[in-house]
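Summary of the model geometry
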Amino acid sequence: MPKIAKTDIELLKTWTLSPTATLGSSVRAKGILQEIQARLPATSKKSVVLEGSDLILAMPAGEKATFSAAVAIISRTMAEAETLPVIPREIEDILTIKTSERHRWLEDGRLPSAGTRTVRLNGRARRITFHVFDLKVVEDLLDRGVVDEWREEDIEAKAEKRRRAAYQAKLTRSLKKAKKASKKSARELDEAIPELRGWEEFDVDGLLR
């Protein structure tokens, strides 16, 4: 609960996050809370908390105007909860995947991006840009259980890559050996040809004409 005396809390409202909005992910639920807090004025951010799947807004009775404004913002965001884009840490939790897998599958097109988002890190001037994902697409991937199939494909692709690398290395070694053998044969042939003495005189006599 917000850090105010419980006896001062008279204004209270609760919203429940739907399974469709969170896909069973506590990380996604926290992400929705953070989205709400980002839209609230600085003075109201700490007045809303997440307990399980419930978002709770609590304020003292003397802050009716601020409370009403916060209720409107939270209600509007909750209406959008099932369409809010899924950010990287959320999709990793929902699909139970590693960051390296997300990057790989995003790069090869198996994990479709819904665009990018740029945010500024708290207390810093630096901004970061990352890909976001459509919640319906993520839900479909989860329902179809494609992650296991993708991992099997990656294992096969990795094995094939190793086989090709081994074949290429073997071919390179064979070519080097063949080149060395060719040079050796040429050298041995040169050494085997006897030196012809008096050839110039022989030619001068015209015996070959």
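Heads up: the structure comes first, above all this text.
Report follows, based on the coordinates. (Residues numbered from 1 in each chain as written. Predicted model: local features only at pLDDT ≥ 70, side-chain atom pairs only at ≥ 80, totals over all residues. Heavy atoms only, no water.)

**Considerations on the nonpolar core**
I36, V48, L55, L57 and I74 are the most contacted members of the largest nonpolar core, which has 21 residues in total. With six residues, helix α3 (residues 64-80) is the largest single contributor of residues to this core. The residues touching V48, leaving out its near neighbours within four places in the chain, are L33, I36, Q37, L40, L55, I56, L57 and I74. By size, the runner-up hydrophobic cluster in this structure holds 16 residues, among which are L23, I97, L111 and V138. (Core = buried A, V, L, I, M, F, W, Y, C linked by side-chain atoms within 4.5 Å. Buried < 20%, exposed > 50% of the residue type's maximum accessible area, 1.4 Å probe, protein only. Helix = DSSP H or I, 4+ residues; strand = E, 2+ residues; numbered from the N terminus. Contact = heavy atoms within 4.5 Å.)

**A look at a nonpolar patch on the surface**
A contiguous nonpolar surface patch, about 320 Å² in accessible area, is contributed by Y167, L171 and L175. Looking at the secondary structure, you find L175 in helix α7 (residues 146-192). (Patch = residues over 30% accessible without salt bridge, like charges linked within 9 Å, V, L, I, M, F, W, Y side chains within 5 Å. Areas by Shrake-Rupley, 256 points an atom, 1.4 Å probe, with all protein chains shown as cover. Salt bridge = Lys/Arg side-chain N within 4 Å of Asp/Glu carboxyl O.)

**Notes on the packing of aromatic side chains**
Each pair of aromatic rings is reported with the distance of its centres and the angle of its planes. According to the stated counting rule, one finds one aromatic pair in the structure shown. Summarising the aromatic geometry, the rings of W105 and W150 are spaced 5.0 Å apart at their centres and angled 65° between planes, so their arrangement reads as edge-to-face. Note that W105 is positioned in helix α5 (residues 99-107) and W150 in helix α7, a separation of 45 residues in sequence. For the pair shown, W105 and W150 are each scored as buried. (Phe/Tyr/Trp six-rings, centres within 6.5 Å; stacked < 30°, edge-to-face > 60°.)

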